[in-house]
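# Results of the structural survey
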2 protein chains.
Amino acid sequence: MEFRLIDRIRERTAQGRDDVRLGIGDDAALLAVPEGQELAVTIDTLVEGVHFPRDTAPADIGWKSLAVNLSDLAAMGASPAWALLALTLPKAQSADAIQAFIDGFAEGFAQLAQPHRLALVGGDTTSGPLTISVAVHGFVPPGKALTRAGAKVGDVVLVTGTLGDAAAGLYLLQHGGRVEAGDAPRDYLVGRLNRPTPRLAAGVALRDRANACLDISDGLLADLGHICEESSVGAEIDSVLLPRSSALLGLFDETSTRDFALSGGDDYELCFTVPSTRVADVQADLARLGCGATRIGRIVEGSGVRVREADGSWLEPARQGWDHFAA
Amino acid sequence: MEFRLIDRIRERTAQGRDDVRLGIGDDAALLAVPEGQELAVTIDTLVEGVHFPRDTAPADIGWKSLAVNLSDLAAMGASPAWALLALTLPKAQSADAIQAFIDGFAEGFAQLAQPHRLALVGGDTTSGPLTISVAVHGFVPPGKALTRAGAKVGDVVLVTGTLGDAAAGLYLLQHGGRVEAGDAPRDYLVGRLNRPTPRLAAGVALRDRANACLDISDGLLADLGHICEESSVGAEIDSVLLPRSSALLGLFDETSTRDFALSGGDDYELCFTVPSTRVADVQADLARLGCGATRIGRIVEGSGVRVREADGSWLEPARQGWDHFAA
């Protein structure tokens, strides 16, 4: 354990949680899970140049490294409590550069951690290529967690927010010459890439109501495919129903926005299925929580995800979603 | 989450733990902490070329990445339960090479996990420079955990096992020409580097008995220094009392073995302090557990660690232990 750097992050993310019996500074943290709660636990890694562009601001990296993990808790309907951080930093940098990175990283991490009262309870810093692993722990009452396995034939498929923004933001960064810096739609899309919002309140609201749920990290087609596989069902979605932001629609043509929405990763919206009788209630509740939810299709017998075009024909998407490792 | 590679590891580390309500395969694992237990949680990262030599066998990497974390649980007196794994693998390798690495890694990981009934409950694989972060979770009754903060003036300082072996093993790997391959003492020392044994049973036995405890990952001087700092005390140790293996003593001169024992990292033995009245009992119990414990000094008023030589003079060690990041 390396405490000096982790301490600087901890100072910025201090939380008065009485379930943290012993925080950072010993060989392990000591934590008390509240009675009547199960623990939801997940870990995700971001690698520079793979999961975020090389010139991403440290604060955005701090935010995103936590956000992608909180999004997994959201997808389970769990409430966040604690995080562990493993940070590998290039040795070649000067001490000042490392300090500046840490301060920026801590700022972004804390901006997302604080409103959720998430406490950083452990960490490790090592030298090497820039890599960030975060493990998060959340609480969920026994039997109430949302999984990928419960979708039923006849369920309606919904997604929170809008789709394709993050992939479009990445496209703009990689083809920066096409759009002027400071452009509001561009900034919005890049912000969706760098500062995704984990849908934690929506996840909790979906307990007892959604039959299946996950977060969209690899693209709608790939991730909805996971629900189909785990639930032994198929899904049909209508491309005209895919929710797309005005920023996305303003900068790209119809085919591009559809492809971004179907296959773009990194949106971290929730995709979930509910019985048709509950759709209106769920939509009203999620609208109150500020993220909205759009019906995009339905669960059918069979397997796999099919996409219907406006003219009723079936689409053969060129890309079936992101796979960082296989890419 | 990337399940195909993680699944291959999980298949080899399957455990019938009924506290794992939902294992690998969804957005998060669902876990139940037994009533009357607190959770001890820690994370550590190994980077190729920093924490293990570049040609280390995948099985050794798998073992060690878990061992360094279990050692932290041992130092708290906690019993291991669950692990998360974040594995970053070079993309340049062929699919066959990745598969071979994964199979070897899983074998070593499982060899250590299985006797402790530790379940792998989550993971992530990404592409990038070889980096392994493992987070482990263990149980400890409330108030029974061992910390670094309880050492008292008059306590006896003890260590489990022998010291300096891992650092000597690394030295031999880095200066391989000096000793023939297949040499038993050399293999022993390299094995101590590559396959450290977390002192889990000893840690549990020290609950209620040790006033302070940690594991020696950065070297005795540095780590005992942490106990002194956290406990607001000093420590005096006698270099002639440092337990050294016959393999170490057979291959190196007295000064080298002393320096390895004082400052070498990666031994993952426990260093702990107990009131003098309990020393004999503790030593007898740890001997029964097969690791033994040697008294090496005492806790005194003041601060910092001082080392007394055989002639009664005080040593000024050239190296104050490893610091991977500052190195």
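Scope of this entry: the structure provided in the associated data block. (Residues numbered from 1 in each chain as written. Chains lettered and ligands numbered in written order. Predicted model: local features only at pLDDT ≥ 70, side-chain atom pairs only at ≥ 80, totals over all residues. Heavy atoms only, no water.)

### A closer look at the packing of aromatic side chains
Residue and element names in this part refer to chain A. Counted only if it meets this: Within 6.5 Å between ring centres, the rings of Phe, Tyr and Trp (the latter by its six-membered ring) count as paired, and their orientation is classed by plane angle as stacked under 30 degrees, edge-to-face over 60, tilted in between. Under the DSSP-based scheme used, a helix requires at least four consecutive residues in state H or I and a strand at least two consecutive residues in state E, with every element numbered from the N terminus. Think of it as a cone above the ring: NZ of Lys or CZ of Arg counts as a charge over the ring if it is within 6 Å of the ring centre and within 35 degrees of the ring normal.
Tallying each qualifying case throughout the model produces 12 aromatic pairs over all chains. Ring geometry for phenylalanine 105 versus phenylalanine 109: centroids 6.1 Å apart, planes at 25°, classification stacked. Of this pair, phenylalanine 105 and phenylalanine 109 both sit in helix 3 (residues 95-113), 4 residues apart, which is roughly one turn of that helix. A connected cluster of aromatic rings, assembled from ring pairs, spans Phe101, Phe105 and Phe109. Directly above the ring of tryptophan 314 sits arginine 306, whose terminal nitrogen or CZ lies 3.8 Å from the centroid.

### Thoughts on the state of the cysteines
All names here are of chain A. Worth spelling out the cut-off: The rule for a disulfide is simple: a pair of cysteine sulfur atoms within 2.5 Å. Throughout, exposure labels follow a simple rule: accessible area from a 1.4 Å probe, protein chains only, divided by the maximum for the residue type, with under 20% read as buried, over 50% as exposed, and the rest as partly exposed.
Applying the stated criterion across every chain yields a total of 0 disulfides over all chains. The cysteine cysteine 291 is free of any disulfide, with cysteine 213 supplying the nearest cysteine sulfur at 11 Å. Note on cysteine 291: relative accessible area 13%, which makes it buried.

### Quick look at helix 4 (residues 165-174) of chain A
Residues and elements named next belong to chain A. Applied cut-off: Note on definitions: a residue-residue contact is assigned when non-hydrogen atoms from the two residues lie within 4.5 Å.
In terms of residue burial, helix 4 counts as a mostly covered element, since 7 of its 10 residues are buried. Asp165, Ala166, Ala167, Ala168, Gly169, Leu170 and Leu172 are the residues of helix 4 that are buried. Next to the buried residues of helix 4 lie helix 5 (184-194), helix 8 (246-251) and helix 9 (254-263).

### Considerations on the sheet that holds strand 1 (residues 20-22) of chain A
The strands making up a sheet are joined through hydrogen bonds of the backbone, oriented either antiparallel or parallel. Where we set the bar: For two strands to pair, DSSP has to find at least two bridges joining them. Here an axis means a line fitted to C-alpha atoms, over the contact stretch when the element is a helix, while the angle between two N-to-C directions is reported on a 0 to 180 degree scale.
Across the sheet, which stays open at both edges, the 6 strands sit in the order 1(A)-2(A)-3(B)-6(B)-4(B)-5(B) with mixed pairing between neighbours. Edge strands, defined here as strands with exactly one partner in the open sheet, are strand 1 of chain A together with strand 5 (119-127) of chain B. Put simply, the sheet's adjacent strands are angled 25° from each other on average, direction ignored. Here strand 4 (residues 79-89) of chain B runs beside strand 6 (residues 131-140) of chain B; their pairing, made up of 9 bridges, is antiparallel. Within strand 6 of chain B, the position partnered with leucine 87 of chain B by the bridge is isoleucine 132 of chain B.

### Some details on the sheet that holds strand 10 (residues 270-274) of chain A
Residues and elements named next belong to chain A. With mixed pairing, the 7 strands of this open sheet are ordered in space as 8-10-7-11-9-12-13. Of all the strands in the sheet, the pair left with one neighbour each is strand 8 (212-215) and strand 13 (314-315). With 4 bridges joining them, strand 9 (residues 234-238) and strand 11 (residues 293-300) adopt antiparallel strand pairing. Counterpart to alanine 235 in the pairing with strand 11 is isoleucine 299. Its contacts with the sheet place helix 10 (residues 279-288) against strand 7 (156-160), strand 10 and strand 11, and it is angled at close to 150° to strand 11.

### Looking at the side chain of aspartate 155 of chain A
All names here are of chain A. The line we're drawing: Neither His nor the chain ends contribute to the count of charged residues, in which Lys and Arg are positive and Asp and Glu negative. A side-chain nitrogen of Lys or Arg and a carboxyl oxygen of Asp or Glu constitute a salt bridge if their distance falls within 4 Å. Any pair of N or O atoms that falls within 3.5 Å is considered a polar contact. Within protein, one atom must be able to donate a hydrogen and the other to accept it, and sequence-neighbouring residues count only if both atoms are side-chain atoms.
You can see aspartate 155 is positioned in the loop between strand 6 (131-140) and strand 7. The side chain of aspartate 155 is buried and forms no salt bridge, while lysine 152, the nearest opposite charge, is found at 6.2 Å. For aspartate 155, the side chain forms a polar contact with the side chain of asparagine 211, separated by 3.0 Å.

### Overview of the interface of chain A and chain B
Worth spelling out the cut-off: Put simply, buried area is the surface a 1.4 Å probe can reach on two separate parts but cannot reach once they are joined, added for both. Ten residues, namely Ala, Val, Leu, Ile, Met, Phe, Trp, Tyr, Cys and Pro, are considered nonpolar, four, namely Asp, Glu, Lys and Arg, are considered charged, and the remaining ones, Gly among them, are considered polar.
Contact residues are listed per partner, giving 61 residues for chain A and 61 residues for chain B. Across the interface of chain A and chain B, roughly 4,900 Å² is buried in total on both sides, 58% from carbon and sulfur atoms. Taken together, the links from chain A to chain B amount to 6 salt bridges. Residue contributions to the side of chain A that touches chain B peak at 9 residues, all from strand 3 (residues 38-47) of chain A. Of the residues assigned to the side of chain A that touches chain B, the class counts are 33 nonpolar, 15 polar and 13 charged. Note that strand 3 of chain A and strand 2 (residues 29-31) of chain B share 3 bridges and pair antiparallel. Within the sheet, the bridge partner assigned to alanine 40 of chain A lies in strand 2 of chain B and is leucine 30 of chain B.

### Re unusual backbone geometry
Residue and element names in this part refer to chain A. With a phi angle near 60°, tyrosine 268 is a residue other than glycine that sits in the positive phi range. Its place among the elements puts tyrosine 268 in the loop between helix 9 and strand 10. Note on tyrosine 268: relative accessible area 7%, which makes it buried.

### Here's the deal with the nonpolar core
Residue and element names in this part refer to chain B. We apply this condition: Definition used in this section: a nonpolar core is a set of buried Ala, Val, Leu, Ile, Met, Phe, Trp, Tyr and Cys residues joined via side-chain atoms within 4.5 Å. These domain boundaries are the output of an automatic or database domain assignment.
Counting residues in each nonpolar core, the largest one holds 58 residues, and the members touching the most others are Phe109 and Phe272. A domain-level breakdown of this core finds at least three residues from each of domain 1 (2-140) and domain 2 (156-315). Setting aside anything within four residues of it in sequence, one finds phenylalanine 109 in contact with Ile9, Thr13, Gly62, Trp63, Ser65, Leu66, Ala83, Leu118, Leu120 and Val134.

### Regarding the packing of helix 2 (residues 58-76) of chain B against helix 3 (residues 95-113) of chain B
All names here are of chain B. This is how it is decided: By definition in this entry, angles of less than 35 degrees are roughly parallel, angles greater than 145 are roughly antiparallel, angles of 65 to 115 are roughly perpendicular, and the rest are oblique. Here is the rule for handedness: rotate from the far helix to the near one, and if that takes an anticlockwise turn smaller than a right angle the crossing is left-handed, while a clockwise turn gives right-handed.
Across the interface, helix 2 lies against helix 3 with an axial gap of 6 Å and an inter-helix angle of 40°. The orientation of helix 2 with respect to helix 3, classified from their angle, is oblique. In this structure, helix 2 crosses over helix 3, and the sense of that crossing is right-handed. Where helix 2 approaches helix 3, its residues Pro58, Ala59, Ile61, Gly62, Trp63, Ser65, Leu66, Ala67 and Leu70 are matched on the opposing element by Phe101, Gly104, Phe105, Gly108, Phe109, Gln111, Leu112 and Ala113. The residue makeup of the contact of helix 2 with helix 3, split by class, is 12 nonpolar, 5 polar and no charged.

### What about the relation of the copies chain A and chain B?
Applicable threshold: We superpose the copies by least squares over the C-alpha atoms of residues that have a pLDDT of at least 70 in both of them.
Once chain A is rotated about the relating axis by 180° and shifted along it by 0.0 Å, it coincides with chain B to within an RMSD of 0.0 Å. Each copy turns onto its partner about a two-fold axis. Interface overlap between copies is the fraction of interface residues in one copy that are interface residues in the other; for chain A against chain B it reaches 100%, indicating a shared surface.

### Side note on helix 2 of chain B
Basically, it comes down to this: In this analysis, the expected span of each helix is defined as 1.5 Å times one less than the number of residues it contains.
Its 19 residues give helix 2 of chain B an end-to-end C-alpha distance of 28 Å, which sits within 8% of 27 Å, the value for a rise of 1.5 Å per residue. Count one or two residues on from helix 2 of chain B and you reach glycine 77 of chain B, which has phi positive near 75°.

The values reported here are purely geometric and, on their own, carry no functional implication.
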